[in-house]
Amino acid sequence: MFKENAEGWRITGDAQGGYTEASYSPDGGVQDGYIYADDNVQGGVWYFTAPETYHGDKNEFYGAKLSFSLFQDSDMSNQFENSDIIFKNGDTQITYVYSPDAYPGEDWTDYSVTISAGNGWLIGEYDSEVEATEADIKAVLANVTEFSIRGEFESGPDNGGLDNIIIDK
């Protein structure tokens with residue numbers, strides 16, 4: 001997906017000094033280049049955050065399959081749970097959380113989830129136990145203000161990469 005640059009994707013959180021453009025590598029991705037970040041180990045969680053082309057009315061995403069590939073390079077000794085995928089509409093968010101046994105390793109790991117009710121989406125933070133309804137998901141997709149994919153899975157030094165993001169019906 002990333003053929004020439006980071007295409008506006010940013011790193012949010014404690015990697016690379018906070019809100020900054022993702023680093024880009026032309027080699028080694030799933031398809032051509034990929035983006036990545038190095039963790040500054042400042043205590044937060046960092047994310048790959050999509051550019052504004054993913055913002056606004058995205059109700060066409062409802063029922064679509066979101067796919068992407070991740071890797072992490074870390075000790076893999078202190079993995080932790082958090083929101084893995086986030087769509088926000090202002091202060092309201094839907095979150096998807098993968099089980100710890102599905103976290104990426106040093107090789108590219110492929111992920112796929114359908115953006116619809118009944119597929120494990122939660123309303124709110126990763127520790128919410130409230131499953132998002134169709135109305136909840138569509139309310140967030142009506143005006144997406146942020147779309148992020150978690151890049152940090154290790155408490156401590158790590159780096160991670162993202163490639164091959166597809167949202168397709």
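Before any of the text, the structure's been laid out above.
Predicted model, so just to flag it, every value in this text is computed and none were measured.

Draft legend 1. Local environment of the overall build of the protein chain. Assigned secondary structure in the protein chain consists of one helix and twelve strands. Secondary structure elements in the protein chain, listed N-terminal to C-terminal, are β-β-β-β-β-β-β-β-β-β-α-β-β. Taken over the C-alpha trace, the protein chain has a radius of gyration of 15 Å; the compact-globule value for 169 residues is 15 Å, and the two agree within 12%. Summarising its shape, the C-alpha atoms of the protein chain cover approximately 40 × 35 × 25 Å along the three principal directions. Burial status across the protein chain gives 47% buried among its 169 residues. For the protein chain, restricting intrachain contacts to residue pairs at least 6 apart in sequence, the fraction spanning at least 24 positions comes to 72%.

Draft legend 2. Highlighting the packing of aromatic side chains. With the rule as written, the count across this model stands at 17 aromatic pairs. Each ring, one from Trp9 and one from Tyr54, has its centre 5.5 Å from the other, and the planes form 65 degrees; the classification is edge-to-face. Of this pair, Trp9 sits in the segment before β1 (10-12) while Tyr54 is found in the loop between β5 (47-49) and β6 (65-74), placing the two residues 45 residues apart along the sequence. Using a relative accessible area of 13% as the deciding quantity, one classes Tyr54 as buried. Taken together, the ring pairs in this structure connect Phe2, Trp9, Tyr54, Phe61, Phe68, Phe87, Tyr96, Tyr98, Tyr111, Trp121 and Phe147 into an aromatic cluster. Positioned over the ring face of Phe80 is Arg150, at 5.3 Å from the centre of the ring. Sitting over the face of the ring of Tyr103, Arg150 holds its NZ or CZ atom 5.0 Å from the ring centroid.

Draft legend 3. Molecular detail of the sheet that holds strand β10 (residues 122-123). Taken together, seven strands build an open sheet; the order of strands is β2-β1-β5-β11-β7-β8-β10 and the sheet is antiparallel. The two strands at the open ends of the sheet, each matched to only one other strand, are β2 (20-21) and β10. Looking at chain direction, β1 and β5 are connected through three bridges and run antiparallel. Across the sheet, the residue bridging to Ile11 is Phe48, located in β5.

Draft legend 4. Region of interest: the sheet that holds strand β4 (residues 34-38). Read across the sheet, five strands follow the order β3-β4-β12-β6-β9 without closing on themselves; strand pairing throughout is antiparallel. Edge positions in the open sheet fall to β3 (23-25) and β9 (109-114), since each of these has one partner strand only. For this sheet the average axis-to-axis angle between neighbouring strands, irrespective of direction, equals 30 degrees. Sheet analysis places β3 next to β4, joined by three bridges and oriented antiparallel.

Draft legend 5. Spotlight on the environment of Tyr126. Structurally, Tyr126 is set in the loop between β10 and α1 (134-141). Judged by relative accessible area, which is 26%, Tyr126 ranks as partly exposed. Along the sequence, Tyr126 and Thr95 sit 31 residues apart, while their C-alpha atoms lie 6.2 Å from each other.

Draft legend 6. Structural context of empty space enclosed by the protein. Per the counting criterion, the structure on display carries one cavity of 30 Å³ or more. If you go around the largest cavity, the residues you meet are Phe68, Leu70, Asp84, Tyr98, Tyr103, Pro104, Tyr111, Ile149, Arg150 and Phe153. Within the residue set of the lining of the largest cavity, elements represented by two or more residues are β6 and β11 (146-150). A per-class count over the lining of the largest cavity returns eight nonpolar, no polar and two charged.

Conventions we followed
- Residues numbered from 1 in each chain as written.
- Predicted model: local features only at pLDDT ≥ 70, side-chain atom pairs only at ≥ 80, totals over all residues.
- Heavy atoms only, no water.
- Helix = DSSP H or I, 4+ residues; strand = E, 2+ residues; numbered from the N terminus.
- Rg over C-alpha atoms; globule rule 2.2 N^0.38 Å.
- Buried < 20%, exposed > 50% of the residue type's maximum accessible area, 1.4 Å probe, protein only.
- Contact = heavy atoms within 4.5 Å.
- Phe/Tyr/Trp six-rings, centres within 6.5 Å; stacked < 30°, edge-to-face > 60°.
- Lys NZ or Arg CZ within 6 Å of the ring centre and 35° of its normal.
- Pairing = 2+ DSSP bridges.
- Axes fitted to C-alpha atoms, helices over the stretch in contact; angles between N-to-C directions.
- 1 Å grid on protein atoms, 1.4 Å probe; cavity = no way out; pocket = protein on both sides within 12 Å on 5 of 7 lines; lining within 4 Å.
- Points joined across faces, edges and corners; volume = space filled by probe spheres on them.
- Nonpolar A, V, L, I, M, F, W, Y, C, P; charged D, E, K, R; others polar.

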